[in-house]
Amino acid sequence: IPQAIKFNLPIGTSIKNQIDVLGDAKTDRLKEVLQKLKNEKFYDILITILTPQDMTTDVKIAEELIKFREETQKTVIGCFMGPISFKYSTELLERNNIPVFFELEKVGKLINNLKIN
């Protein structure tokens, strides 16, 4: 992540190799990250890993990912680790041609098979 990108994220948030918005993140925190990454050229794929949390608004997060992909044309992949908890949001992503998985290993296999220019 380039040093020039400044995030207003809580202490403990990692922005080194990946951006970890922490388990208590609501949609607004993810939305801030997406807005700051929208025009950056240093990455080709955005992978969002989501686990069930009481405060998780998975449908809103899915909607933000769809909007982000439409605005950037970047490859967006979801890993929503809760097939029952995230049923509607994963269906929403799939209907909008965003691949979504329930296991991180499957995301890794997909990325290994992608040919990025």
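Rules behind the numbers
- Residues numbered from 1 in each chain as written.
- Predicted model: local features only at pLDDT ≥ 70, side-chain atom pairs only at ≥ 80, totals over all residues.
- Heavy atoms only, no water.
- Core = buried A, V, L, I, M, F, W, Y, C linked by side-chain atoms within 4.5 Å.
- Buried < 20%, exposed > 50% of the residue type's maximum accessible area, 1.4 Å probe, protein only.
- Helix = DSSP H or I, 4+ residues; strand = E, 2+ residues; numbered from the N terminus.
- Contact = heavy atoms within 4.5 Å.
- 1 Å grid on protein atoms, 1.4 Å probe; cavity = no way out; pocket = protein on both sides within 12 Å on 5 of 7 lines; lining within 4 Å.
- Points joined across faces, edges and corners; volume = space filled by probe spheres on them.
- Nonpolar A, V, L, I, M, F, W, Y, C, P; charged D, E, K, R; others polar.

Enquirer: Please explain the nonpolar core as it appears in this structure.
Expert: Across soluble globular proteins, you tend to see nonpolar side chains buried next to one another. If you look at the biggest cluster of nonpolar residues, it comprises 22 residues, and the most contacted ones within it are Leu46, Leu65, Phe80 and Leu93. Going through the elements one at a time, α1 (27-37), β1 (45-50), α2 (58-72), β2 (75-80) and α3 (87-95) are the ones with two or more residues in this core. The contact partners of Leu65, leaving out residues within four places of it in the chain, are Leu34, Leu46, Thr48, Val76, Phe80, Leu93 and Ile98.

Enquirer: Whenever I open this one, the layout of surface pockets confuses me. Can you help?
Expert: With a probe scaled to a water molecule rolled over the atoms, the places where space remains empty come into view. Here the largest pocket defines a volume of roughly 880 Å³. Counting residues per element, the ones that place at least two in the lining of the largest pocket are α1, β1 and α4 (104-113). Top contributing element to the lining of the largest pocket by residue count: β1, with six residues. For the lining of the largest pocket, the residue count by class is 20 nonpolar, eight polar and three charged.

Enquirer: What is the right way to look at empty space enclosed by the protein in this model?
Expert: Throughout the structure, instances matching the rule amount to one cavity of 30 Å³ or more. What the largest cavity holds in volume is close to 40 Å³. Among the elements of the structure, α1 and α2 are those that each provide at least two residues to the lining of the largest cavity. Here the element with the most residues in the lining of the largest cavity is α2; it accounts for four residues. In the lining of the largest cavity, the residues fall into two nonpolar, one polar and four charged.

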